[in-house]
Amino acid sequence: MARFAFDHVHLRSPDPDATAAWFVEHLTAEKKGRNEGPTSLRVTLDLGGVDIFIDRVPATTPGNPPAPFLGIEHLAVTVKGIDAVIEEMRSKGVRVVMEPNDVRPGTRIAFIEGPENVRVELLERS
């Protein structure tokens, strides 16, 4: 059987540079590159070892509906000190969708809203 490995997440945005800047500022992603062609723009980030491709689309492109919905619903990243991380996010104007809470012993989660209504789960395991 074939072996599979995770390669990338692909996002769409009317402003890839602004979306990338949000991931850099709030989730400490690292900018890997920016490719602009006559009709295209892609910004590539590294977020914890996973590539994120952000391609430009017209601002009139439909976005994600409010959760829950079918399909990929959110990104999840691990953090240490989730309560302090949430307070830092809030101080920077990030919308907190769900406050930190214990989903099972040793696991706390919270949700924030990223650009283009992308939900990001912050996950802390002890």
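All of these numbers come straight from a predicted model, not from anything done at the bench. (Residues numbered from 1 in each chain as written. Predicted model: local features only at pLDDT ≥ 70, side-chain atom pairs only at ≥ 80, totals over all residues. Heavy atoms only, no water.)

Moving on, we come to the overall build of the chain. Helices and strands together make up the secondary structure of the chain, namely two helices and eight strands. Mapped in sequence order, the helices and strands of the chain form the string β-α-β-β-β-β-α-β-β-β. When its C-alpha atoms are laid out on the principal axes, the chain stretches across 50 × 45 × 30 Å. When the 126 residues of the chain are sorted by exposure, 37% land in the buried category. Taking all contacts inside the chain whose residues are at least 6 apart in sequence as the whole, residues at least 24 apart take part in 48%. As displayed, the chain has an accessible area near 8,100 Å², and 54% of this comes from carbon and sulfur atoms. (Helix = DSSP H or I, 4+ residues; strand = E, 2+ residues; numbered from the N terminus. Buried < 20%, exposed > 50% of the residue type's maximum accessible area, 1.4 Å probe, protein only. Contact = heavy atoms within 4.5 Å. Areas by Shrake-Rupley, 256 points an atom, 1.4 Å probe, with all protein chains shown as cover.)

Okay, the nonpolar core next. By size, the foremost hydrophobic cluster in this structure holds 26 residues, and its most contacted members are Phe23, Leu27, Leu45, Ile52, Ile112 and Leu122. Those residues in contact with Leu27, other than ones at most four positions away along the chain, are Trp22, Leu47, Met89, Ile112, Val120 and Leu122. (Core = buried A, V, L, I, M, F, W, Y, C linked by side-chain atoms within 4.5 Å.)

The alternating pattern of strand E5 (residues 74-78) places Leu75 and Val77 on a buried face and His74, Ala76 and Thr78 on a face that is not buried. Where E5 lies against strand E8 (residues 119-125), five bridges are found, and the strand directions are parallel. If you follow Thr78 over to E8, its bridge partner there is Leu123. (Pairing = 2+ DSSP bridges.)

Moving on: the pattern of salt bridges. Considering all chains together, one arrives at 13 salt bridges under this definition. Ionic pairing is found between Glu113 and Arg95, a salt bridge with its closest N-O pair at 2.8 Å. With Glu113 in strand E7 (residues 107-113) and Arg95 in the loop between helix H2 (82-91) and strand E6 (96-104), the pair connects residues that are 18 residues apart, well separated along the chain. Here the residues in one salt-bridge network are Asp17, Arg34, Glu36 and Arg56, joined through shared partners. (Salt bridge = Lys/Arg side-chain N within 4 Å of Asp/Glu carboxyl O.)

A separate point is the side chain of Asp55. For Asp55, the position within the fold is in strand E4 (residues 50-56). Its relative accessible area of 13% is what places Asp55 among the buried residues. Among the polar contacts made by the side chain of Asp55, one reaches the side chain of Arg42 at a distance of 2.7 Å. Those residues in contact with Asp55 that lie beyond four places of it in its chain are His10, Leu11, Arg12, Ser13, Pro16, Leu41 and Arg42. (Polar contact = N/O pair within 3.5 Å; in protein donor to acceptor, adjacent residues only side chain to side chain.)

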